Amino acid sequence: MRVGIFSDVHANLEALEIVLKAIEYENVDKTICVGDLVGYGPDPNQCIEKVMEIADIVVAGNHDYAACGMLSTEYFNEYAKMAIDWTSRVIETKFTDILSNLPLTVIEDEITVVHATPEAPGGWHYILDIADAQRSFRALKNSLCFVGHSHIPVAFVQDQNGKISIRNPSELNIKTGEKYIINVGSVGQPRDGDPRTTYGILDTNKKKFWLKRLPYPVEGVQEKMREENLPPYLINRLSVGQ
Ligand code: ZN
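No experiment lies behind these values; they were computed from the predicted model shown. (Residues numbered from 1 in each chain as written. Predicted model: local features only at pLDDT ≥ 70, side-chain atom pairs only at ≥ 80, totals over all residues. Heavy atoms only, no water.)

**Student:** What is the right way to look at the overall build of the protein chain in this model?
**Tutor:** Counting its secondary structure elements, the protein chain contains 8 helices and 12 strands. Relative to the globule expectation of 18 Å for 242 residues, the C-alpha radius of gyration of the protein chain, 17 Å, shows essentially globular dimensions. If you line up the protein chain on its principal axes, its C-alpha atoms span 50 × 35 × 30 Å. Counting every position in the protein chain, which comprises 242 residues, the buried fraction comes to 57%. Put simply, 71% of the contacts in the protein chain that link residues at least 6 apart link residues at least 24 apart. Of the roughly 10600 Å² that the protein chain leaves accessible, carbon and sulfur atoms contribute 48%. (Helix = DSSP H or I, 4+ residues; strand = E, 2+ residues; numbered from the N terminus. Rg over C-alpha atoms; globule rule 2.2 N^0.38 Å. Buried < 20%, exposed > 50% of the residue type's maximum accessible area, 1.4 Å probe, protein only. Contact = heavy atoms within 4.5 Å. Areas by Shrake-Rupley, 256 points an atom, 1.4 Å probe, with all protein chains shown as cover.)

In structure tokens form, the structure reads like this:
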């Protein structure tokens with residue numbers, strides 16, 4: 001089975017279209033979205049529509065719940081808050097209904113899908129270091145977990161002795177007996193210094209995972225954000241992937 005995985009679209013339609021086209025070309029059997037369909041970007045309705053049409057599994061991100069009033073924005077930074085306020089105003093009711101019904105976690109076969117952490121999906125913590133990963137591995141019911149949230153691609157691998165290492169997810173061999181927590185980065189707002197959009201491919205027959213990067217028309221989304229008076233900080237960061 002081949003699976004396409006992407007996360008943190010953040011209403012960036014230009015980036016999402018590139019990723020969905022690439023995933024289609026990869027001949028996948030299943031497509032997974034790890035949450036945060038909206039927030040920050042200018043096309044929330046179109047992005048929700050496209051993701052729901054194509055993805056087989058979609059979990060909720062904190063911005064998705066915030067946009068439909070299910071999560072307070074008191075812990076959001078001021079720019080994220082402004083973007084959520086704007087999103088809440090423009091989002092169509094049929095799409096708020098969809099977002100409010102997204103599950104926090106989906107466990108299917110050997111794969112767990114959760115936006116933040118498997119141990120506290122609604123706590124919105126980040127898995128940034130070995131200690132964070134250790135807490136998450138303890139709660140993990142199976143061997144493979146896909147997360148998003150930090151917008152920084154990274155793989156945490158736990159070997160048979162329980163030792164955890166941090167690996168580059170651009171190409172991973174999936175070994176029996178090891179456990180993996182893979183952050184697939186962000187489609188619509190990369191923050192690892194690389195402005196290109198990103199998606200992952202899992203091949204369960206070849207026992208491989210690849211994280212791939214592709215350029216997309218950043219200026220197009222920035223122009224739309226200017227028209228909607230979204231914060232310049234959010235517009236400029238897309239050029240540098242920070
Ligand atoms: Zn996000």
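Anyway, onward from the coordinates.
**Student:** Explain the coordination of the zinc ion here, please?
**Tutor:** Around a metal, the ideal angle is 109.5 degrees if four donors adopt a tetrahedral arrangement and 90 or 180 degrees if six donors adopt an octahedral arrangement. Taken together, the protein ligands of the zinc ion are Asp8 (OD), His10 (NE2), Asp36 (OD) and His151 (NE2), with distances of 2.0 to 2.3 Å. With 4 donor atoms in place around the zinc ion and angles of 85 to 177° between them, the coordination shape is irregular. Spacing between the donor residues of the zinc ion along their common chain follows D-x1-H-x25-D-x114-H. Of this pair, Asp8 sits in the loop between strand S1 (2-6) and helix H1 (13-25) while His151 sits in the loop between strand S6 (144-147) and strand S7 (154-158); the two residues are 143 residues apart in sequence, bridging distant segments of the chain. Taking the relative accessible area as the measure of exposure, Asp8 reaches 0% and is therefore buried. (Donors = N, O, S within 2.8 Å, 3.2 Å for Na, K, Ca; no water. Tetrahedral: all angles 85-135°; square planar, octahedral: opposite > 155°, others 65-115°.)

**Student:** I would appreciate a short explanation of unusual backbone geometry in the present structure.
**Tutor:** Excluding glycine, most residues fall at negative phi; most peptide bonds, likewise, are trans. Phi is positive for His10, close to 50°, though the residue is something other than glycine. Structurally, the position occupied by His10 is in the loop between S1 and H1. In the Ramachandran plot, His149 falls in the positive-phi region, its phi being about 85° despite a non-glycine side chain.

**Student:** In this structure, what is going on with the side chain of His63? I would like to understand it.
**Tutor:** Inspection of the secondary structure assignment puts His63 in helix H3 (residues 62-67). His63 gets classed as buried once you look at its relative accessible area, which sits at 5%. If we skip the residues at most four places from it in the chain, His63 touches His10, Asp36, Val38, Gly39, Tyr40, Phe76, Ala80 and Ile84.

**Student:** Got a minute to help me understand the pairing of S6 in this structure?
**Tutor:** Consecutive residues of a regular strand have side chains that alternate between opposite faces of the sheet. What you see with S6 is no split at all: Leu144 and Phe146 on one side and Cys145 and Val147 on the other are buried throughout. Of the crossover connections in this fold, the one passing from strand S5 (residues 111-114) over helix H6 (residues 130-139) to the parallel S6 is right-handed. Direction of pairing for S6 relative to strand S10 (residues 179-183): parallel, over a ladder of 4 bridges. The partner of Val147 across the bridge, within S10, is Asn183. (Right-handed = clockwise from strand over helix to strand, strands pointing away. Pairing = 2+ DSSP bridges.)

**Student:** I would appreciate a short explanation of the sheet that holds strand S4 (residues 105-108) in the present structure.
**Tutor:** Picture the strands of a sheet paired through backbone hydrogen bonds; they go either parallel or antiparallel. A sheet is described by the order of its strands in space; here 6 strands give the open sequence S4-S5-S6-S10-S7-S8, paired in mixed fashion. Two strands close off the open sheet at either side, each with one partner strand: S4 and strand S8 (164-167). This sheet shows a mean twist of 15° between the axes of neighbouring strands, independent of strand direction. Together, S7, S8 and S10 form the strand contacts of H6, whose direction differs from that of S8 by roughly 115°. (Axes fitted to C-alpha atoms, helices over the stretch in contact; angles between N-to-C directions.)

**Student:** What is the right way to read the packing of aromatic side chains from this model?
**Tutor:** Between two aromatic rings, the relevant description is the distance of the centres plus the angle of the planes. This structure, assessed with the given rule, holds 3 aromatic pairs. For the pair Tyr65 and Trp124, a centre-to-centre distance of 6.2 Å together with 90° between the ring planes defines the contact as edge-to-face. In this pair, Tyr65 is assigned in helix H3 and Trp124 in the loop between S5 and H6, connecting sequence segments 59 residues apart. For Tyr65, a relative accessible area of 11% corresponds to the buried category. Residue class for Trp124 comes out buried when judged on its relative accessible area of 13%. Over the ring of Trp210 we find Lys212; its NZ or CZ atom is 5.8 Å from the centre of that ring. (Phe/Tyr/Trp six-rings, centres within 6.5 Å; stacked < 30°, edge-to-face > 60°. Lys NZ or Arg CZ within 6 Å of the ring centre and 35° of its normal.)

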